[in-house]
Amino acid sequence: MLDKYNDCTPSLSEKAWDLVSKMTEEEKGKMLLGAGIPDFDGANPVIDAIESRVPGAAGGTYEIKRLGIPSLIVADGPRGVNIDPIRANDQDSYYCTAFPIPILLASTWNEDLIALLGGAMGREAAAYGVDVLLAPALNIQRNPLNGRSFEYYAEDPLVSGKLASAMVKGIQANGMAAAVKHFAANNQETNRFSIDVQVTERTMREIYLKGFEIAVKESQPWTIMTSYNSINGSHTSTRQDLLKDILRTEWGFKGVVMTDWFGGYAGACKYGKDNVLEQMNAGNDLLMPGLPEQAASVRKYMESGKLSKAVVDLNVKRIVEWVLRAKSVRNYRSSGEPDLSGNAVLARQVASEGMVLLKNNGVLPCSSLVSPLAVFGLSAYNFISTGTGSAEVNSAYTISLVEGLNHAGFTIDEELQDWYAPIVAKGKAEDVAQRLELGMFAIPERLPELKLEQDLIARKALSCELGIITIGRNAGEGVDRQLDDDFNLAEDELELINAVTEAFHAKGKKVLVILNIGGVIETSSWKNKVDAILLSWQPGQEGGNAVADIISGNVNPSGKLTVTFPRKYEDSPSAKNWPGIPTHDPKMAIYQEGIYVGYRYFSSFKVEPSFVFGYGLSYTTFTYSELDLSHTVFENEMKVTLTIKNTGNTAGKEIVQLYLSAPAVTIDKPVRELKGFVKTKLLEPGESEMLVMTLVPKDLASYLEGRQAWIAEAGTYELAIGASVADLKKKAAFILAQELVAEKVHKAFAILQPINELKATRY
Ligand code: BGC
């Protein structure tokens, strides 16, 4: 294939232009859509070819055999490769590694580890013949009820952007393309194809774009996926300000922009619009997965001249250039044999590093001699590995909590296991049936917890050393979560917590709660009743083993929260504007909370959460010392150094966070914002590490719409180094002598109607 292009003299761009010049107009038109469409002539050989190469992949690009342009295979997703594990008439299996959910990955705050994991995902995808992995997803955790919270990293754009960059670098190190998604402000599932996000330019740039900006600039993803929603009246895939001015001109993005599946079409076609012309003109190069109606539109606009040759050629050229970089073009033969056992070890390591110890009154770590354990809660026996939808992975197995505890040498009370077994088996069978009917969008229903006799629980408190209760949650793509029996615990769950804690405490025994969840839940009403809480998230196929690693002390927990756990849902700054208006069938979601998302809100408005951003416990203790700033007056850069020492008896890692408080003379500013973080290496008891973080002008600045610029006001900037946003260990200050214009940019996101944004008005 493409032999004559194997010499490396012309650049990829030149080769791509050359190929475009050799294409017919019809071929170009086809290239602008994914292969999931019938051929212009009615036949459909291309989609068949993709299915036979990698069954279960999400789609592919158009193939032009005569020019040696192969189709690229595109597969989800953000926590592993999502393809069919079993194929007709094939003895082999194609299981993939189910890594932990992305919110757990983010809770590691460990860029090196996430890059390693991206590498493993990329190699696995390549081994199965995939060219593009539809990952990472880095939308902001705006509201706790978002059904896809598990797929996203954080409520803060710096953490999201840094970890997404690490993931992209890992994936692409293997010649695999990453697709950073969903660009942008894709923060809810209710009416996801059509919801119009009404938001100011400042909020877009500081909160909803910042993570993408970091990812694009630091990791140069080969592709970006636009989101389903529209912003201030137009679908993201049609917005020239977003895709041309910001993404390509300001940030220097060089790759391909593709739509989300049916994006810009599914939400508009009921109004008689297909958005094809607008998408092409905005430089949304590729329409995925490609529909016959869109193909017809492309042809119509090309023939009428409404879609100019220049736009077509440029969009096609970018797609071809991407194809030329991919593995498939080099006759790459996939091995079909990924390193599943090596990747399972990594999945377990990452899972235990991203779990967050929320409370620990002398319960953990606990030796396996502290047995038997009384394990309550349905999900303990059927551990939830992931949320549902395109981010699912067909792994060969999932280690449940009880299996993991058994592997670690703990004994589990058998009578309780017998009580749970039939219900768990029934639940699993129902899930399988629902799955057959609804496919990957089936969300397993939460079954009510078993109502065990108080007498039985009391006997267990006598015979067992520790009570463990799991709380499990399922959610996923296509549907948002509910307030009752989901964010808030159900009555049966609260009864279980009450019954077990009363019985165990009466016998002087303790109770540990494990949260096997994908998004934030209510914890404040019951957390004081229990002795320890471990947030295991939905930890992937090795989940049970990873929890056992933490319980046994084999791993010292070092995860911290990248989302705030509010005391009650109504405290969430976006609650008043969720899921939008009108509430029963929302058309628009007004982002009235503005930049006050997550901890920016809770700390500026002094609303006490249940667990704060950046929080997580360890089995050891750390001291923070020798904070030093490179300058007292800010010029172009500020280096911040400090030393962290492990002062306890167990080796451990600390996540150190840098928060900045700007003077807020005339600009409305959150009381503090995260502007840097570092995770230490594994520090042995007594060992220290010196850490360095760097501030650049844009870190001080806010986006001022009136001036179309990122501006930092003159004055005193206070810097705090914390173990969380509320646990600030060391403080220092520096001066910015005069106003600083960090960057001038294009005007974007004109609003349709005034947005009465929340302001902290500290000045
Ligand atoms: C999801 C994307 C996914 C795509 C392909 C869409 O429904 O929103 O995240 O990559 O499907 O499966």
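Residues numbered from 1 in each chain as written. Predicted model: local features only at pLDDT ≥ 70, side-chain atom pairs only at ≥ 80, totals over all residues. Heavy atoms only, no water.

Student: Explain the overall build of the chain here, please?
Tutor: A count of helical and extended segments in the chain gives 22 helices and 25 strands. Expected size for 763 residues packed as a compact globule is a radius of gyration near 27 Å; at 26 Å, the chain falls within 12% of this value. Taken over the C-alpha atoms alone, the chain extends approximately 80 × 70 × 55 Å along its principal axes. Looking at the chain as a whole, 64% of its 763 residues are labelled buried. For the chain, restricting intrachain contacts to residue pairs at least 6 apart in sequence, the fraction spanning at least 24 positions comes to 79%. Element-wise, carbon and sulfur atoms account for 51% of the exposed surface of the chain, whose accessible area totals about 27200 Å². Here the chain carries 77 positive and 94 negative side-chain charges, and the mean point of each set is 5 Å from the other. (Helix = DSSP H or I, 4+ residues; strand = E, 2+ residues; numbered from the N terminus. Rg over C-alpha atoms; globule rule 2.2 N^0.38 Å. Buried < 20%, exposed > 50% of the residue type's maximum accessible area, 1.4 Å probe, protein only. Contact = heavy atoms within 4.5 Å. Areas by Shrake-Rupley, 256 points an atom, 1.4 Å probe, with all protein chains shown as cover. Lys, Arg positive; Asp, Glu negative; His and termini not counted. Charge placed at Lys NZ, Arg CZ, Asp CG, Glu CD.)

Student: Got a minute to help me understand the sheet that holds strand E10 (residues 356-360) in this structure?
Tutor: Pairing between sheet strands relies on hydrogen bonds along the backbone, with the strands arranged either parallel or antiparallel. Ordered in space as E10-E14-E13-E12-E11, the five strands form an open sheet in which the pairing is mixed. Unpaired on one side and paired on the other, E10 and strand E11 (373-376) mark the two borders of the sheet. On average, each strand axis in the sheet is inclined to that of its neighbour by 15 degrees, with strand direction left out of account. Alignment of E11 against strand E12 (residues 466-472), held across four bridges, turns out to be parallel. (Pairing = 2+ DSSP bridges. Axes fitted to C-alpha atoms, helices over the stretch in contact; angles between N-to-C directions.)

Student: Help me understand the packing of helix H17 (residues 454-463) against helix H19 (residues 491-506) in this model?
Tutor: Relative placement of two packed helices is described by the angle separating their axes and the distance separating the axes. It is at 8 Å that the axes of H17 and H19 come closest, and there the two elements cross at 45 degrees. By the angle class used here, H17 and H19 are oblique. Between H17 and H19 lies a crossing whose hand is right-handed. Contacts between H17 and H19 involve Gln454, Ile457, Ala458, Lys460 and Ala461 from the first element and Ala499, Val500, Ala503 and Phe504 from the second. Split by residue class, the contact of H17 with H19 holds seven nonpolar, one polar and one charged. (Parallel < 35°, antiparallel > 145°, perpendicular 65-115°, else oblique. Left-handed = near helix turned anticlockwise from the far one by under 90°. Nonpolar A, V, L, I, M, F, W, Y, C, P; charged D, E, K, R; others polar.)

Student: Even after reading the chapter, I still don't get the site of the ligand, so can you show me in this structure?
Tutor: The environment of the ligand is formed by 13 residues, the closest being Asp76, Arg148, His182, Asp260 and Glu477. In this structure, arginine 148 approaches the ligand through a side-chain N or O atom, which is 2.8 Å from an oxygen atom. For the ligand, an oxygen atom lies 2.6 Å from a polar atom in the side chain of glutamate 477. Here the residues of the shell around the ligand are counted per class, giving five nonpolar, two polar and six charged. (Near = heavy atom within 4 Å. Polar contact = N/O pair within 3.5 Å; in protein donor to acceptor, adjacent residues only side chain to side chain.)

Student: Just to check I follow, could you spell out the sheet that holds strand E17 (residues 638-646) for this structure?
Tutor: Pairing within the open sheet is antiparallel, and its three strands lie in the order E16-E17-E20. In the strand order of this sheet, the two ends are held by strand E16 (622-629) and strand E20 (688-695), each with one partner. Pairs of neighbouring strands in the sheet enclose a mean axial angle of 20 degrees, with direction left out of account.

Student: Where do I start with the confidence of the model for the chain in this structure?
Tutor: Fine structural detail should not be taken from predicted coordinates in areas where pLDDT scores are low. Averaged over every residue, the pLDDT of the chain is 95; the share at 70 or more is 97%. Contacts of residues 38-43 to residues separated by more than four positions or lying in other chains number 12 contacts, the stretch itself having pLDDT below 50. (pLDDT = per-residue confidence, 0-100.)

Student: Would you mind going over the packing of aromatic side chains with me for this structure?
Tutor: The geometry of an aromatic ring pair is captured by two quantities: the separation of the ring centres and the angle between the planes. What the rule picks out here adds up to 21 aromatic pairs. A centroid spacing of 5.7 Å and a plane angle of 20 degrees characterise the contact between phenylalanine 611 and tyrosine 615, whose relative ring orientation is stacked. The buried category is assigned to phenylalanine 611, whose relative accessible area is 6%. Put simply, the rings of Trp109, Tyr599, Phe613, Tyr659 and Phe677 pair up and form one aromatic cluster. Across the ring face of tyrosine 94, the terminal group of arginine 87 is positioned such that the distance to the ring centre comes to 3.4 Å. Sitting over the ring of tyrosine 703, arginine 205 keeps its end group 4.9 Å from the ring centre. (Phe/Tyr/Trp six-rings, centres within 6.5 Å; stacked < 30°, edge-to-face > 60°. Lys NZ or Arg CZ within 6 Å of the ring centre and 35° of its normal.)

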